[in-house]
Amino acid sequence: MSQVWNEGYVTEVGYTYGYYRETSPVYQRFCLLLRGLACNDLNAASAHCELGFGQGVSVNINAASNPGRFVATDFNPAHAAHARGMASHSGCDLRIHDDSFEQLLARDDLPEFDSISMHGIWSWVSRDNHRIIAKFAARHLRPGGSLYISYNCFPGWAPAYPLRQLFALHDRYASVSPGAVQRIDAALKFSGALLAAGPLFARATTGLDERLKQISGQKRDYLAHEYFNRDWNCMYFTDVADALAEAKLEFATTADPLDVVDTINLTAEGIAFLNAIEHPILREQVRDYFVNRQFRKDLYLRGVRRLSAAEQREQTLASRLVLTRQVDAIPMVVNTAQGAATLHDGIFRPLLDELAARDYAPKSFSDLLRALPAVSLPQLVMASAVLVGADHAAPCQAEPVVQQVRMRCDALNRHLLERARTRDDVNHLASPVMGGGIAANRFEQLFLLARSQGCDQPAEWARVTWRLLTDLGETVVKDGKGLETPEENLAELTARATAFANDRVPILRAVGII
Ligand SMILES: C[S@@+](CC[C@H](N)C(=O)[O-])C[C@H]1O[C@@H](n2cnc3c(N)ncnc32)[C@H](O)[C@@H]1O
């Protein structure tokens, strides 16, 4: 392998500060249970690992909000320093390394893990690293443990693959600027000019202009990592399944619960075609053709254990669900591979109302079944897959676990609220109920900060926030324009604080943030 530590990976631009729920053990357990698959118990003896954690927001939130120990690596020392800084506030059991995957593999001080997660890694590292990751899982994933992996895939990427190649080639042979952002802009401009010059390739491939326009509108730090690394391995599902088979890993299920619901993703003809395919790997691969998939989020298991129907029913009835969005803000349509699908009023309306009842308190499937006698358990499970898949709801952990992790989440959230005074980057907080993160933008965090300092009313949250912005020389941006007068700023902040109090505070209380 290369002597240079970054192995051709972009390091001059730091990564973004996202939270990815698929890395949460509670979320992974929910996805597996939907398919009737067992996972290892999640408790204080559990251990979890994240490979390539970026700024470490996901692993910090997961480590604060779940029992057990966490280990994570990212070879960018600036990322590791950031993630460690965050971990120092929560008191969670999180060990952060700035090892490469190869160095982590060589360590002899690691536990067996119940889950290994990698979000946005596989497509952007070399084939050597694929082998190292598979070896790492072979050595360190406990039998019964899960591996979460996401990656760019074919056939969805096939038409636009040459675009990424153009970016990389321009960067390699024609870029004159030393700055990453300028190099990206130059590559995008070059590609736009090429498409405008009418090459036959562009005529043979529809939608390229639109794709380039969409890419050009994305943040440059994201684009740097997404398209400008030396390695960019877009693969078929079956290629990844083969690469992981060496580690005794077997494909278990999608980590996108919406995908589990065939009727909203496939036509009747597609369902019939897929049902006629016996081998599960071939079926899953062919499904990607039907939905023209370009990005996969998958869960693999080291040892697939199928629950009996009675076990699955029992575990489902005991699991809990919480809404992550106010009920009036949930549209009765979801976006799927086939376009917008309308949610069945007879099932979703009463379910949403029941989930919103008693101040949005989490409800077990057993509670829901009792409260909604006209809806069957399989209907409830499918509806929950849709709601969780669309990010309107989240699976929860058991109440005793919630109590166990609450203080750590409070400590991390206090730090994140303080941080929002001077930065607008981490837009999630740690939920002890969900065992994961929930979205909260900077202003929402500043309102919560004011609230934690004893201000009761939204108007006060707005005043405190406006005072802070004034000190920093900032103003509120509305519709892309900075508001000018103090009156305009205060009025806008008051409106946002009032909406936050009505729409988000009940949810944040239900998920244990306040
Ligand atoms: C696209 S980013 C994804 C970050 C994070 N998982 C997320 O989704 O926010 C990939 C990350 O992997 C790290 N990385 C790439 N190659 C690596 C290697 N060989 N060893 C360790 N970390 C690596 C990079 O520094 C970067 O932070």
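Quantities reported herein were computed from a predicted structural model and do not represent experimental measurements.

(A) Structural context of the environment of Gln338. With respect to the element layout, Gln338 can be found in the loop between β9 (333-336) and β10 (339-342). We classify Gln338 as partly exposed; its relative accessible area is 43%. Separated by 175 residues in sequence, Gln338 and Leu163 have C-alpha atoms that sit 25 Å apart. Discounting chain neighbours no more than four positions away, the residues touching Gln338 are Ile264, Asn265, Leu266 and Thr267. Within the structure, Gln338 has its side chain in polar contact with the backbone oxygen of Asn265 (distance 3.1 Å).

(B) Quick look at the sheet that holds strand β8 (residues 320-323). Across the sheet, three strands lie side by side as β11-β8-β12; this open sheet has antiparallel pairing. A single partner strand is all that each edge strand has here, and the edge strands are β11 (363-364) and β12 (393-396). Note that β8 and β12 share four bridges and pair antiparallel. Within β12, the residue paired with Arg320 across the bridge is Cys396. Packing against the sheet, helix α16 (residues 345-360) makes contact with β8 and β11, and its axis sits at approximately 80° to β8.

(C) Fine view of the domain arrangement of the chain. According to the domain assignment, the chain consists of domain 1 (21-152 + 233-257 + 290-301) and domain 2 (161-227). Here the C-alpha centroids of domain 1 and domain 2 sit 30 Å apart. On the side of domain 2, four residues touch domain 1, which itself brings five residues to the contact. For the domain 1 and domain 2 pair, buried surface summed over both sides reaches about 350 Å², with 41% attributable to carbon and sulfur atoms. On the domain 1 side of the contact with domain 2, Trp124, Cys234 and Gln294 bury the most area, a combined 79% of that side's loss.

(D) Layout of the pattern of salt bridges. Here the structure, examined in full by the defined rule, presents 26 salt bridges. Close ionic contact of Glu354 with Arg358 constitutes a salt bridge, the shortest N to O distance being 3.3 Å. Highlighted residues: Glu354 and Arg358, both in helix α16, separated by four residues, approximately one helical turn. Within the structure, one salt-bridge network assembled from shared partners comprises Asp259, Glu284, Asp288, Arg293, Arg296 and Asp298.

(E) Summary view of the state of the cysteines. For the structure shown, the criterion picks out zero disulfides. Free of any disulfide, Cys49 has its nearest neighbouring cysteine sulfur in Cys92, separated by 14 Å.

(F) Just the sheet that holds strand β1 (residues 47-51), in detail. Pairing is mixed across the open sheet formed by seven strands, whose spatial order is β3-β2-β1-β4-β5-β7-β6. Of all strands in the sheet, those bounded by a partner on one side alone are β3 (94-97) and β6 (250-254). Between one strand and the next, the sheet's axes are offset by a mean angle of 20°, whatever the strand orientation.

(G) The arrangement of the side chain of Asn60 in detail. Turning to its location among the elements, Asn60 is positioned in helix α2 (residues 57-65). A distance of 3.1 Å separates a polar atom in the side chain of Asn60 from the backbone oxygen of Ala83. Within the structure, Asn60 has its side chain in polar contact with the backbone nitrogen of Ala87 (distance 3.1 Å). When near neighbours in sequence (up to four residues on either side) are disregarded, Asn60 contacts Ala83, Met86, Ala87, Leu94 and Leu412.

(H) Quick look at the nonpolar core. Membership of the largest hydrophobic core comes to 91 residues, with the highest contact counts inside it found for Leu323, Val334, Phe348, Leu351, Val386, Trp461 and Leu493. With eight residues, the top contributor of residues to this core is helix α18 (residues 377-389). Among residues more than four places away in sequence, those in contact with Val386 are Leu258, Val261, Ile264, Val334, Leu343 and Phe348. In terms of nonpolar packing, the next biggest core, distinct from the first, is built from 33 residues, Cys49, Val125, Tyr151 and Phe237 among them.

(I) Summary view of the site of the ligand. Every one of the 20 residues lining the ligand counts as a neighbour, but Tyr9, Gly52, Asp74, His79 and His119 are closest to it. Within the backbone of Gly52, a nitrogen or oxygen atom sits 2.7 Å from a nitrogen atom of the ligand. His79 places a side-chain nitrogen or oxygen 3.1 Å from an oxygen atom of the ligand. Relative to its unbound accessible area of 600 Å², the ligand is 97% covered by the protein chains. When the residues that make up the shell around the ligand are grouped by side-chain class, the tally is eight nonpolar, eight polar and four charged.

(J) Fine view of the packing of aromatic side chains. Counted according to the given criterion, the structure contains 14 aromatic pairs. Relative to Phe251, the ring of Phe237 lies with its centre 4.9 Å away and its plane at 80°, an arrangement referred to as edge-to-face. Of the two residues, Phe237 is situated in helix α11 (residues 237-245) and Phe251 in strand β6; the sequence distance between them amounts to 14 residues. Considered together, Phe237 and Phe251 belong to a single accessibility category, that of buried residues. Within the aromatic cluster, the residues linked to one another by ring pairs are Phe154, Trp157, Tyr161, Phe167, Tyr227, Phe228, Trp232 and Tyr236. Looking at Arg211, its charged tip hangs above the ring of Trp157, at a distance of 4.5 Å from the centre.

(K) Up close: unusual backbone geometry. Between Phe154 and Pro155 the backbone carries a cis peptide bond, its omega angle lying at 10°. By secondary structure assignment, the location of Pro155 is in the loop between β5 (141-152) and α6 (161-173). Phi angles above zero are rare outside glycine, and Asp359 is one such case at about 55°. Here the phi dihedral of Asp391 falls at roughly 65°; this positive angle occurs in a residue that is not glycine. Tracing the backbone through its elements, the reader meets Asp391 in the loop between α18 and β12.

What counts, and where the lines are drawn
Residues numbered from 1 in each chain as written. Predicted model: local features only at pLDDT ≥ 70, side-chain atom pairs only at ≥ 80, totals over all residues. Heavy atoms only, no water. Helix = DSSP H or I, 4+ residues; strand = E, 2+ residues; numbered from the N terminus. Buried < 20%, exposed > 50% of the residue type's maximum accessible area, 1.4 Å probe, protein only. Contact = heavy atoms within 4.5 Å. Polar contact = N/O pair within 3.5 Å; in protein donor to acceptor, adjacent residues only side chain to side chain. Pairing = 2+ DSSP bridges. Axes fitted to C-alpha atoms, helices over the stretch in contact; angles between N-to-C directions. Domains from an automatic or database assignment. Buried area = accessible area lost by both parts, 1.4 Å probe. Salt bridge = Lys/Arg side-chain N within 4 Å of Asp/Glu carboxyl O. Disulfide = S-S within 2.5 Å. Core = buried A, V, L, I, M, F, W, Y, C linked by side-chain atoms within 4.5 Å. Near = heavy atom within 4 Å. Areas by Shrake-Rupley, 256 points an atom, 1.4 Å probe, with all protein chains shown as cover. Nonpolar A, V, L, I, M, F, W, Y, C, P; charged D, E, K, R; others polar. Phe/Tyr/Trp six-rings, centres within 6.5 Å; stacked < 30°, edge-to-face > 60°. Lys NZ or Arg CZ within 6 Å of the ring centre and 35° of its normal.

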